Amino acid sequence: PKGDRMIDATLVSIDLPFFVKQIKDETAWQNTDRNAITVFKTNGLRIVLIALHEGAEMVRHTADGIISVQVLVGRLQFNTDQQSVELNKGEMLALHERIPHSVLALKETVFLLTLTTTLEE
């Protein structure tokens, strides 16, 4: 995504409404079924703002770290092999590392993905 932003510092202020507008103004949002922007990235933690058009699917995958998903706008379906959960605006979930999962936008959705990452030795 375009723009100059601080993604790692002692204190990082994150203007979510600004970034939602930014990712929806970009060509990727107009030409594909999704867009995303990393709003914080440091050793051990990453926060990504993701927007999905209705019907967009993040196919089955795994994450190496623990994740949380917090819906800011819209509704999505989060699936693991054992469970399926619908999340609406204001709802969130947490998932342990290396559990296969998929995400389907039931309507246009914007969510925050928080991911723990491996600490560098």
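The structure this text deals with has already been given above.
The model shown is predicted, which means the values in this text are computed figures rather than measured ones.

Calculation rules
Position numbers for residues start from 1 in each chain and track the written sequence from start to end. For this predicted model, a pLDDT threshold of at least 70 governs which residues receive local features, and a threshold of 80 or more governs which side-chain atom pairs are given and counted, while totals over whole chains, interfaces and linings are taken from all residues. Side-chain measures here rest on the full set of heavy atoms in the structure, leaving out hydrogens and waters. Think of it this way: DSSP has to see at least two bridges between two strands before they count as a pair. Helical segments are the DSSP runs of H or I of at least four residues, strand segments are the runs of E of at least two, and each set is numbered from the N terminus. To obtain each axis, a line is fitted to C-alpha atoms, and for helices this fit is confined to the stretch in contact; angles are then taken between N-to-C directions over 0 to 180 degrees. Each residue is placed in one exposure class: buried if its accessible area under a 1.4 Å probe, protein chains only, is under 20% of its type's maximum, exposed if it is over 50%, and partly exposed if it falls in between. By the convention used here, residues are in contact when the closest approach between their heavy atoms is within 4.5 Å. Nine residue types can take part in a nonpolar core, namely buried Ala, Val, Leu, Ile, Met, Phe, Trp, Tyr and Cys, and a core is a set of them joined through side-chain atoms within 4.5 Å. Aromatic rings from Phe, Tyr and Trp, with only the six-membered ring used for Trp, were paired whenever their centres fell within 6.5 Å, and each pair was classed as stacked if the ring planes differed by under 30 degrees, edge-to-face if by over 60, and tilted otherwise. The term salt bridge refers to a pairing of a side-chain nitrogen on Lys or Arg with a carboxyl oxygen on Asp or Glu at a separation within 4 Å.

Caption draft 1: Focus on the sheet that holds strand 5 (residues 75–80). Ordered in space as 3-8-5-6, the four strands form an open sheet in which the pairing is antiparallel. On the outer flanks of this sheet lie strand 3 (57–61) and strand 6 (84–88), each paired with one strand and no other. If you compare each strand with its neighbour and ignore which way they point, the axes differ by 15° on average. Relative to strand 6, strand 5 runs antiparallel, the two sharing five bridges. Looking at strand 6, one finds that R75 is bridged to N88.

Caption draft 2: Structural view of the side chain of S68. Position of S68 relative to the elements: it lies in strand 4 (residues 67–73). A residue is classified by how much of its surface remains accessible, and S68, at 17% relative accessible area, is buried. Leaving out residues up to four positions away in the same chain, S68 has contacts with M92, L93, A94, L112, L113 and T114.

Caption draft 3: Representation of the nonpolar core in the model. Ranked by internal contacts, the top residues of the largest apolar core, which has 19 residues, are L52, I67, V69, L76, F78 and F111. Taken together, the elements giving at least two residues each to this core come down to strand 2 (45–52), strand 4, strand 5, strand 7 (92–95), strand 8 (101–105) and strand 9 (109–116). Other than its neighbours up to four places away in sequence, F111 contacts V48, L49, I50, L52, M58, V69, Q70, V71, L72 and L76. Residues I23, I37, A51 and L112 belong to the second largest nonpolar core, which totals 13 residues.

Caption draft 4: Expanded view of the packing of aromatic side chains. Under the counting rule described, the total for this entry stands at one aromatic pair. Seen from their ring centres, F18 and F19 are 5.5 Å apart, and the 70° between their planes marks the pair as edge-to-face.

Caption draft 5: Layout of the environment of Q70. By the element assignment, Q70 lies in strand 4. With relative accessibility at 30%, the residue Q70 sits in the partly exposed group. Separated by 36 residues in the primary sequence, Q70 and L106 place their C-alpha atoms 15 Å from one another.

Caption draft 6: Representation of the pairing of strand 9 within the structure. Of all the eight residues making up strand 9, six are buried; the element is thus mostly covered by neighbouring parts of the structure. Sheet topology note: the strand 2/strand 9 ladder contains eight bridges and is antiparallel. Paired with L52 across the bridge in strand 9 is T109. Taken together, the six bridges between strand 4 and strand 9 define a ladder with antiparallel strand orientation. Among the inter-strand pairings, Q70 is bridged to a residue of strand 9, identified as L112.

Caption draft 7: Fine view of the pattern of salt bridges. Per the stated rule, a full pass over the model turns up six salt bridges. In this structure, the salt-bridge partner of R34 is D33, at a minimum N-O distance of 2.9 Å. Notably, a salt bridge pairs R60 with D81, separated by 2.7 Å at the nearest N-O pair. With a gap of 21 residues between them, R60 in strand 3 and D81 in the loop between strand 5 and strand 6 connect regions that are remote in the sequence. For D81, a relative accessible area of 52% gives the class exposed.

The values are spatial; any link to function lies outside them.
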